[in-house]
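Residue-level structure breakdown
As a plain string of letters, each chain reads:
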Amino acid sequence: MWSIPNLLTFSRIIMIPVFVGMFYLPAPWNHQVAALVFMVAAFTDWLDGFLARRMGLTSPLGAFLDPVADKLMVTTALVLLVADNPSPWMAISAAVIIGREITISALREWMAELGARAKVAVSWVGKFKTAAQMGAITLLIYRHDLFGLPTYRIGELLLYVAVALTLWSMTVYLRAAWPSLSEDRKNDSGA
């Protein structure tokens, strides 16, 4: 339980209230610090998985907690961004990303019950989606031009790329799971 990868995952959960606090801190640099906290959290998401595999410290707790911590941080960030910029495009983008996360989490749970979890393992499209999503959210939070680059505008464009990859990856997972989902099963309540 107290392995380095699990501690990194726990730290990502602990960073959520710090992130929210920095986002709303009444200071001119609040968004830069909030973006830094989000970037550190995104880095720990990669690092905990890398270390767990490299050091042979994978665990059921880590396998459960890592995606939960990731989804909590991303969902929190998207909710804050929509509250800060309540435009239809931002709201739709956030709804698509959050909706996909809920759908794929439920799909993976269902597939695990069927003994077919490997059919919906993380794909390369999902990895690109995550990278685009983390980059977009970081830039949208940062929001100030950097070296003359309009980070907020770049973040918006990257968010739309992330939404497209989100829909694509969800389609990939649903197609992989469809044969198992469409089987006629007796004694299935369908609830």
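For the structure itself, consult the block above.
Now for a description of the structure that goes with this document.

How each quantity is defined
Residues numbered from 1 in each chain as written. Predicted model: local features only at pLDDT ≥ 70, side-chain atom pairs only at ≥ 80, totals over all residues. Heavy atoms only, no water. Axes fitted to C-alpha atoms, helices over the stretch in contact; angles between N-to-C directions. Helix = DSSP H or I, 4+ residues; strand = E, 2+ residues; numbered from the N terminus. Parallel < 35°, antiparallel > 145°, perpendicular 65-115°, else oblique. Core = buried A, V, L, I, M, F, W, Y, C linked by side-chain atoms within 4.5 Å. Buried < 20%, exposed > 50% of the residue type's maximum accessible area, 1.4 Å probe, protein only. Contact = heavy atoms within 4.5 Å.

1. Observations regarding the packing of helix 1 (residues 4-24) against helix 3 (residues 60-84)
- Running from N to C, helix 1 and helix 3 cross one another at 10 degrees; their axes reach a closest spacing of 8 Å. The angle between the axes of helix 1 and helix 3 places the two elements in the roughly parallel class.

2. Some words on the nonpolar core
- By size, the foremost hydrophobic cluster in this structure holds 26 residues, and its most contacted members are Phe 19, Phe 38, Met 73, Ile 137 and Ile 141.
- Going through the elements one at a time, helix 1, helix 2 (30-55), helix 3, helix 4 (88-113), helix 5 (124-142) and helix 6 (151-181) are the ones with two or more residues in this core.
- Per-element accounting of this core gives the leading share, six residues, to helix 3.
- Beyond its immediate sequence surroundings of up to four residues, Phe 38 is in contact with Phe 19, Met 73, Ala 77, Met 134, Ile 137, Thr 138 and Ile 141.
- Counting six residues, the second-largest nonpolar core is a separate cluster that includes Leu 107, Met 111, Tyr 173 and Ala 177.

3. Quick notes on the environment of Ala 94
- Mapped onto the secondary structure, Ala 94 falls in helix 4.
- Taking the C-alpha atoms as reference, Ala 94 lies 31 Å from Arg 53; in sequence the two are 41 residues apart.
- Sequence-distant contacts of Ala 94, that is, excluding residues within four places in its chain, are made with Leu 78 and Val 82.

Structural measurements only, silent on function.
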